[in-house]
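What the coordinates show
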Amino acid sequence: MALSKITNLGTLTESIVFDNTSKGIHLGVTSATASNLMDDYEEGTWTPRIKSESGEGTGTAYSSQQGRYTKIGDLVHCDFNVNVSTEGSFSGSYLMLAGLPFSISSNVPTVNLAMLYFYGLDDSVITIGLQADGGSAQAYIWSKTSSGTQREYLSITGIGTAELTGQFSYKV
């Protein structure tokens, strides 16, 4: 049933609940089309972790692993903090941030997610960020060591006891 006119509604004291999960609210329009239907909203937590492109490491310990997300439609916004207290050992070549709450859309081949705050990395690192491939729920951690160099993926021996903090958004 569509509501055509509401007057003197006052204050709602209960939540609006739809009887069907495919229902939602059409926003800002005079006609109901799929492109303006808000039918997907979610908030939650996720657990960020460090791994290599070859898999999970052994012996890695964390003093903090916190992540939150908000998903509205096909857009996910994440924030996180991960504190590595013991690096452990990894096979492979490069480190990744893993455990993203949803896989990135496979419609994009590669996406640059964020610049990050960091502490405790090698003194030569001047900036650090995340880059991910579409269809994945993890991102390569990259760094730059000078203004004249290209960014490089952070090697498996590059994390030490470090803190990484950031925010990023992506399409699912």
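Residues numbered from 1 in each chain as written. Predicted model: local features only at pLDDT ≥ 70, side-chain atom pairs only at ≥ 80, totals over all residues. Heavy atoms only, no water.

1. Let's talk about the packing of aromatic side chains
Condition: Pairing of aromatic rings covers Phe, Tyr and the six-membered ring of Trp, with a centre-to-centre limit of 6.5 Å; geometry is then stacked below 30 degrees between planes, edge-to-face above 60, and tilted otherwise. Elements are defined by DSSP. Helices are runs of H or I of four residues or more, strands are runs of E of two residues or more, and each kind is numbered from the N terminus. Whether a residue is buried, partly exposed or exposed follows from its accessible area with a 1.4 Å probe, protein chains only, as a fraction of its type maximum: under 20%, in between, or over 50%, in that order.
In this structure the tally under the stated criterion is seven aromatic pairs. Between Trp46 and Phe80, the aromatic rings sit 6.0 Å apart at their centres with planes inclined by 55 degrees, giving tilted as the arrangement. Placement of the pair is Trp46 in strand β3 (residues 41–46) and Phe80 in strand β6 (residues 75–86), with a sequence separation of 34 residues. As far as the burial class goes, Trp46 and Phe80 line up, both buried.

2. Some points on the side chain of Asn81
Counted only if it meets this: What qualifies as a polar contact is a pair of N or O atoms within 3.5 Å, subject to a donor-acceptor requirement within protein and to the restriction that residues adjacent in sequence count only when both atoms come from side chains. Any two residues whose heavy atoms approach within 4.5 Å at even a single point are treated as in contact.
Take Asn81: it is sitting in strand β6. The buried category is assigned to Asn81, whose relative accessible area is 13%. Polar side-chain contacts of Asn81 include one of 3.2 Å to the side chain of Ser64. Setting aside its immediate chain neighbours within four residues, Asn81 contacts Pro48, Ser64, Gln65, Gln66, Glu163, Leu164 and Thr165.

3. Things to note about the sheet that holds β3
How we decide: Two strands are said to pair when DSSP picks up at least two bridges between them. Orientation is described by axes fitted as lines to C-alpha atoms, over the contacting stretch for helices, and by angles from 0 to 180 degrees between their N-to-C directions.
The strand order across the open sheet formed by five strands is β3-β5-β6-β13-β9, and the pairing between neighbours is antiparallel. Here the strands that pair on one side only, and so sit at the sheet edges, are β3 and β9 (117–119). Going from strand to strand, the sheet's axes swing by 10 degrees on average, the running direction of each strand aside.

4. Let's talk about the pairing of β6
For strand β5 (residues 61–72) and β6, the ladder comprises 11 bridges, and the chain directions are antiparallel. Directly across from Ile72, in β6, lies its bridge partner Leu75. In this sheet, strand β13 (residues 163–171) lies alongside β6 in antiparallel orientation, the contact comprising nine bridges. Along β13, the bridge assignment pairs Val82 with Leu164.

No statement about biological role is implied by the geometric values presented.
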